Amino acid sequence: MSTAAPASGQVELAIGGMTCASCAARIEKRLNRMEGVEATVNYATEKARVSFGPDVAVADLIATVEKTGYTAALPTPPRPAPRPSAPSADGSRSDGSGALAGSAAPPEPDAPDGPDELAPLRQRLVTAVVLAAPVIALAMVPAWQFTYWQWLSLALAGPVVTYAAWPFHRAAWTNLRHGAATMDTLVSVGTLAAFVWSLWALFFGHAGMPGMTHGFELTIAPSDGAGNIYLEAAAGVTAFILAGRYFEARSKRRAGAALRALLELGAKDVTVLRPDGREERVPVDTLVPGDLFVVRPGEKIATDGEIVEGTSAVDASMLTGESVPVEVAPGSPVTGATVNAGGRLVVRATRVGADTQLARMARLVEDAQNGKAAAQRLADRISAVFVPIVIALAVATLGFWLAAGVGPAAAFTAAVAVLIIACPCALGLATPTALMVGTGRGAALGILIKGPETLETTRKVDTIVLDKTGTVTTGRMTLLAVHTADGEDEREVLRLAGALEHASEHPIAQAVATAATERLGTLPTPEDFGNVPGLGVQGVVDGHAVLVGRERLLAEWEQPLPADLERALKAAEAAGRTAIAVGWDGRARAVLEVADAVKPTSAEAITRLRALGLTPILLTGDNRTVAEAVAREVGIAADDVIAEVMPEDKVDVVRRLQREGRSVAMVGDGVNDAAALAQADLGLAMGTGTDAAIEAGDLTLVRGDLRVAADAIRLARRTLRTIHTNLFWAFAYNVAALPLAAAGLLNPMIAGAAMAFSSVFVVGNSLRLRRFR
């Protein structure tokens, strides 16, 4: 293992062996006890981010984690330099600092997208379900209890309790060695106690006799337990809890997907312009600062740079949130991963690899994910107290009855009964069933919930930050109004302007052309067409010399706007819209208003969010005039508008609100929102947005309707309440029966009935979520 790490500073360690959130808390606590060390351990990403002083070595940090019972390793060091002949396979791996493919680290052996990561857990789960089902059925249906059924149950339950439940036993042993107890301890002790007692009853008691059945006696009376077996409890608990672990592991496996989705946005190869004028297609990894490269219309800009030749419009909405494409000319800076929407550009590379804005955003997402405190599962929190109490109570019960002289068989029966009734059968179902029903109902309504941690956050959020572009608005330019001069026909204006704009690739031009086509159908083909950089377009349509663009373009052709059109243009600009002047045959004829239109459901959504006790804040990269116009339309106060922010600023805004004591939800859809979504206490990603935003969010809204955000928070809160109710009753049944078990009065059928009823109650309570509207 490499130890090439700084003598002091910050390091990220990959942590292995964690099985629940309390494991992360234990490692964090142990690391923070070291002098000069500040650590954050994330159970979801299985990483520890550690800041340490000059007196601490990285080897000491690793040793501390290993002493706590877990594994720790440094990330794989990056390759010295990329080789043009062997670029990285996907260009999306990051080094320990979150660098982009420019520093191209090889795939880590424990990468979260490894194909076989879940295979062992899946095999154990399948084994447990297939073998435990007949064991439970035989124990619960006396009519099926044929001669020697108990021995078949033993043969089936054996592999479940040993092979399938091995992760619980291993974790319990690790916890025991370090003086700790978690749900793993209770599951292991309970299942082994049930299994070992069943073995004793079968081989040394009466349970192995031919014709033995579990009767229907429900009396409370002392029993020596020699005729009772608990194989169904041991096998059932294992199967149920393995199912919960499997679904949890599947969710954790996607923890790094936000980074991968973000890095996938970058171009994979680029056309480099050689000194002799020759164009050569090469992997983007091989670019160095100073290289000239060509970007054709529709292509992604390969890396951060400066325009050397050509004019165009660049769509940077995915990175900046700015809905209107940015006009660029020689000397203009451009950002990697943005899209060239217009003409051919020649760009000089200024920043490559880990220095680009995209790479910095990837680091922001990673920092936000690692910095977010891992939510402690309620069951794990309770188990920290519950497990030691149950084990102590079982030992005390054994000691009391031995001292009372009732005999070893009765004493051990009482002690084992304590462990068995405390074994969390319903607890294993409490979270997974509510989560499965809640997430299933959510999926039917267009809401995808990432996991239990998400639910815990929804009840606490009091502020909701809304990205403007693509969330509150449609995210695409739309023709909103046509103002015509006296005597002009609106259809004729759209016909001529739309025909000319149809020949342009500019997104604003396409908005006009699309609207004209939708209203009029087929448009004429221009007989002549020319692009006037930065001003608009000109050409000949049906014999008319047509101009469409800025007011200045018409002024240059001696076509000033009449007073009414001048007022319309100023009003449109004051409302934050783009105003386009149209003229032909020597006279100004109309003004068109184009903007990123507000979704028709956004105002209603804001009302619903307020009803949930949330304060909406509009956050955007657009200018303040545009932002305040949108806010007025949907009912957000001007004081709650934060405009003209870059991606890094969005993260800072969320952090500032959190420092003010607010619990922040964030709704967004673009790459520019990914880091802020990850930083927020609750991230809601619009499913119509980019993969990076969707993966960084905690809740995904499949439909592009902001009203679904309110539904998502309501459903998540309802699901969380259901989980809490399930957990309460799962413990209540067990705790209520503990005194009977300790008193030696627990009949096996009462224990079985209590466990079965608690499980039925938990499942039934969870199924109520299917009625959510």
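It should be emphasised that the depicted structure is a prediction, and the values quoted were computed from it without experimental measurement.

J.: Honestly, the overall build of the protein chain in this entry has me stumped. Any pointers?
T.: Tallying secondary structure elements over the protein chain gives 26 helices and 26 strands in all. Partitioning the intrachain contacts of the protein chain with sequence separation of at least 6 by distance along the chain shows that 70% fall at a separation of at least 24.

J.: Sorry, what's going on with the sheet that holds strand E13 (residues 345-351) here?
T.: In any sheet, the strands associate via hydrogen bonds between backbone groups, in a parallel or an antiparallel arrangement. The antiparallel open sheet is built from 6 strands, whose spatial order is E6-E5-E7-E13-E8-E11. Of all strands in the sheet, those bounded by a partner on one side alone are strand E6 (279-283) and strand E11 (333-334). Two elements, strand E7 (residues 292-295) and E13, share 4 bridges in a ladder whose sense is antiparallel. In the strand pairing of E13, Phe293 is matched with Val347.

J.: Is there a simple way to think about the side chain of Arg49 in this case?
T.: Its location among the elements puts Arg49 in strand E3 (residues 47-52). With a relative accessible area of 17%, Arg49 lands in the buried category.

J.: When you look at the pairing of strand E22 (residues 615-619) in this model, what are you seeing that I'm missing?
T.: Burial within E22 is extensive, with 4 of its 5 residues counted as buried. One ladder, built from 5 bridges, connects strand E15 (residues 463-467) with E22; its direction is parallel. Bridge pairing in E22 links Val465 to Ile617. For E22 and strand E23 (residues 641-642), the ladder comprises 2 bridges, and the chain directions are parallel. Residue pairing across strands places Leu618 opposite Val641, the latter belonging to E23. Of the crossover connections in this fold, the one passing from E22 over helix H21 (residues 624-634) to the parallel E23 is right-handed.

J.: I keep staring at the nonpolar core and nothing clicks. Help me out?
T.: As a rule of thumb, nonpolar side chains are buried together in soluble globular proteins. In terms of nonpolar packing, the biggest core is built from 54 residues, with Ile229, Leu231, Leu242, Val390 and Val418 touching the most fellow members. Counting only elements with at least two residues in this core, the list comes to helix H3 (119-140), helix H4 (149-164), helix H6 (183-203), helix H7 (231-253), helix H11 (378-404), helix H12 (408-422) and helix H25 (707-742). A total of 10 residues in this core trace back to one element, the largest contributor, which is H7. Filtering out sequence-adjacent residues up to four positions away, Leu242 remains in contact with Leu121, Arg124, Leu125, Ala128, Ala164 and Phe168.

J.: Mind showing me how you'd approach the environment of Arg550 here?
T.: Of note, Arg550 is situated in the loop between strand E19 (544-549) and helix H18 (551-556). Expressed as a C-alpha distance, the spacing of Arg550 and Gly534, which sit 16 residues apart in the sequence, is 8.5 Å. Arg550 has contacts with Glu327, Gly534, Leu535 and Ala581, leaving out every residue within four places of it along the chain.

J.: I keep staring at the packing of helix H20 (residues 602-611) against H25 and nothing clicks. Help me out?
T.: Packed helix pairs are specified by the crossing angle of their axes together with the interaxial distance, meaning the distance between the axes. Running from N to C, H20 and H25 point in directions that differ by 25 degrees, and their axes come no closer than 7 Å. When the axis of H20 is compared with that of H25, the two are roughly parallel. On the side of H20, the interface is formed by Glu604, Ala605, Arg608 and Leu609, while H25 contributes Arg707, Ala709, Ala710, Asp711 and Ile713. When its residues are assigned to classes, the contact of H20 with H25 shows 5 nonpolar, no polar and 4 charged.

J.: Where do I start with the UniProt feature "transmembrane region" (unreviewed entry) in the protein chain in this structure?
T.: According to UniProt, the "transmembrane region" (unreviewed entry) feature falls on residues 125-142, 148-166, 186-209, 229-247, 382-403, 409-431, 723-743 and 749-767. The span residues 125-142 carries 89% helix and 0% strand; its end-to-end C-alpha distance comes to 27 Å. The span residues 148-166 is 89% helical and 0% strand by assignment, and the distance between its end C-alpha atoms comes to 27 Å.

J.: I tried to follow the packing of aromatic side chains on my own but got confused; where do I start?
T.: The relative placement of two aromatic rings is captured by the distance of their centres and the angle of their planes. Applying the stated criterion to the full structure yields 5 aromatic pairs. For the pair Phe728 and Trp729, a centre-to-centre distance of 5.2 Å together with 80 degrees between the ring planes defines the contact as edge-to-face. One residue, Arg124, lies across the ring of Tyr163, its end atom 4.8 Å from the ring centre.

J.: Sorry, what's going on with helix H2 (residues 58-67) here?
T.: Residues spaced three or four apart along an α-helix point in a common direction, a consequence of the helix completing one turn every 3.6 residues. By the burial criterion, the buried members of H2 are Val58, Leu61, Ile62, Thr64 and Val65. The arc enclosing the buried residues of H2, seen along the axis, measures out at 160 degrees, which places them on a common side. The positive-phi residue at the C-terminal boundary of H2 is Gly69, with phi of around 105 degrees.

J.: Could you clarify how one ought to interpret the environment of Ser51 in this entry?
T.: Assignment of secondary structure puts Ser51 in strand E3. The exposure class assigned to Ser51 is partly exposed, which follows from its relative accessible area of 28%. Along the primary structure Ser51 and Ala39 are separated by 12 residues, whereas in three dimensions their C-alpha atoms are 6.3 Å apart. Filtering out sequence-adjacent residues up to four positions away, Ser51 remains in contact with Gly9, Gln10, Gly36, Val37 and Glu38. A polar contact is formed between the side chain of Ser51 and the side chain of Gln10, at a distance of 3.4 Å.

J.: How should unusual backbone geometry be read in this particular structure?
T.: Trans peptide bonds make up most of the peptide bonds, and negative phi angles are found at most residues other than glycine. Within the chain, Glu558 stands out as a residue other than glycine whose phi angle is a positive 60 degrees. Here Glu558 shows up in the loop between H18 and helix H19 (563-574). When its relative accessible area of 65% is taken as the criterion, Glu558 is described as exposed. For Asp585, which is not glycine, the phi torsion reads 50 degrees and is therefore positive. Inspection of the secondary structure assignment puts Asp585 in the loop between strand E20 (578-584) and strand E21 (587-598).

J.: What should I look at first to understand the pairing of E13 in this one?
T.: Two faces make up the sheet, and in a regular strand the side chains alternate between them. In the sheet, strand E8 (residues 304-309) pairs with E13 via 5 bridges, with the strands oriented antiparallel. Within E13, the position partnered with Glu306 by the bridge is Arg348.

J.: Mind showing me how you'd approach the pattern of salt bridges here?
T.: Any two side chains of opposite charge can pair, so long as their charged atoms come close to each other. Considering all chains together, one arrives at 31 salt bridges under this definition. The shortest N-O distance in the salt bridge between Arg278 and Glu280 comes to 3.5 Å. Glu280 sits in the partly exposed class, given a relative accessible area of 28%. The partner of Arg662 in a salt bridge is Glu660, and the shortest N-O contact between them spans 3.6 Å. The class for Glu660 is partly exposed, based on a relative accessible area of 45%. The structure contains a network of salt bridges with shared partners spanning Glu604, Arg608, Asp705, Arg707, Asp711 and Arg714.

J.: Can you walk me through the sheet that holds strand E1 (residues 9-16) in this structure?
T.: Pairing is antiparallel across the open sheet formed by 4 strands, whose spatial order is E2-E3-E1-E4. Looking at the sheet topology across the chains shown, the edges are occupied by strand E2 (37-42) and strand E4 (71-73). Going from strand to strand, the sheet's axes swing by 25 degrees on average, the running direction of each strand aside. Two strands pair when backbone bridges link them, and E1 and E4 are joined in this way by 3 bridges, in the antiparallel orientation.

J.: Would you take a moment to explain a positive patch on the surface for this structure?
T.: Judged by side-chain charge, Arg718, Arg721, Arg768 and Arg771 come together as a positively charged surface patch. The topology assignment puts Arg721 in helix H25.

J.: Quick question: what am I supposed to make of the environment of Thr454 here?
T.: Mapping Thr454 onto the fold places it in helix H14 (residues 452-458). Each C-alpha atom of the pair Thr454 and Leu699 lies 7.5 Å from the other, and the pair is 245 residues apart in sequence. Ignoring sequence-local partners within four residues, the contact set of Thr454 consists of Ile449, Leu682, Asp698 and Leu699.

J.: Explain H25 here, please?
T.: Between the first and last C-alpha of H25 there are 53 Å, a value that for 36 residues agrees with the 52 Å anticipated at 1.5 Å per step. In the segment just after H25, Gly744 is the residue with positive phi, at about 75 degrees.

J.: Which parts of the structure should I look at to understand the confidence of the model for the protein chain?
T.: In low-pLDDT segments, the atomic positions of the prediction should not be examined closely. Per-residue confidence for the protein chain gives a mean pLDDT of 80; residues scoring 70 or more make up 79%. Across residues 77-114 the pLDDT falls below 50, and counting only partners more than four positions away or on other chains, this stretch makes 68 contacts in the model. Across residues 371-376 the pLDDT falls below 50, and counting only partners more than four positions away or on other chains, this stretch makes 14 contacts in the model.

Rules and cut-offs
- Residues numbered from 1 in each chain as written.
- Predicted model: local features only at pLDDT ≥ 70, side-chain atom pairs only at ≥ 80, totals over all residues.
- Heavy atoms only, no water.
- Helix = DSSP H or I, 4+ residues; strand = E, 2+ residues; numbered from the N terminus.
- Contact = heavy atoms within 4.5 Å.
- Pairing = 2+ DSSP bridges.
- Buried < 20%, exposed > 50% of the residue type's maximum accessible area, 1.4 Å probe, protein only.
- Right-handed = clockwise from strand over helix to strand, strands pointing away.
- Core = buried A, V, L, I, M, F, W, Y, C linked by side-chain atoms within 4.5 Å.
- Axes fitted to C-alpha atoms, helices over the stretch in contact; angles between N-to-C directions.
- Parallel < 35°, antiparallel > 145°, perpendicular 65-115°, else oblique.
- Nonpolar A, V, L, I, M, F, W, Y, C, P; charged D, E, K, R; others polar.
- UniProt positions renumbered as here; feature names shortened; annotations may be inferred.
- Phe/Tyr/Trp six-rings, centres within 6.5 Å; stacked < 30°, edge-to-face > 60°.
- Lys NZ or Arg CZ within 6 Å of the ring centre and 35° of its normal.
- Arc of directions from axis to C-beta.
- Polar contact = N/O pair within 3.5 Å; in protein donor to acceptor, adjacent residues only side chain to side chain.
- Salt bridge = Lys/Arg side-chain N within 4 Å of Asp/Glu carboxyl O.
- Patch = residues over 30% accessible without salt bridge, like charges linked within 9 Å, V, L, I, M, F, W, Y side chains within 5 Å.
- Areas by Shrake-Rupley, 256 points an atom, 1.4 Å probe, with all protein chains shown as cover.
- Lys, Arg positive; Asp, Glu negative; His and termini not counted.
- Charge placed at Lys NZ, Arg CZ, Asp CG, Glu CD.
- Expected span 1.5 Å × (residues − 1).
- pLDDT = per-residue confidence, 0-100.

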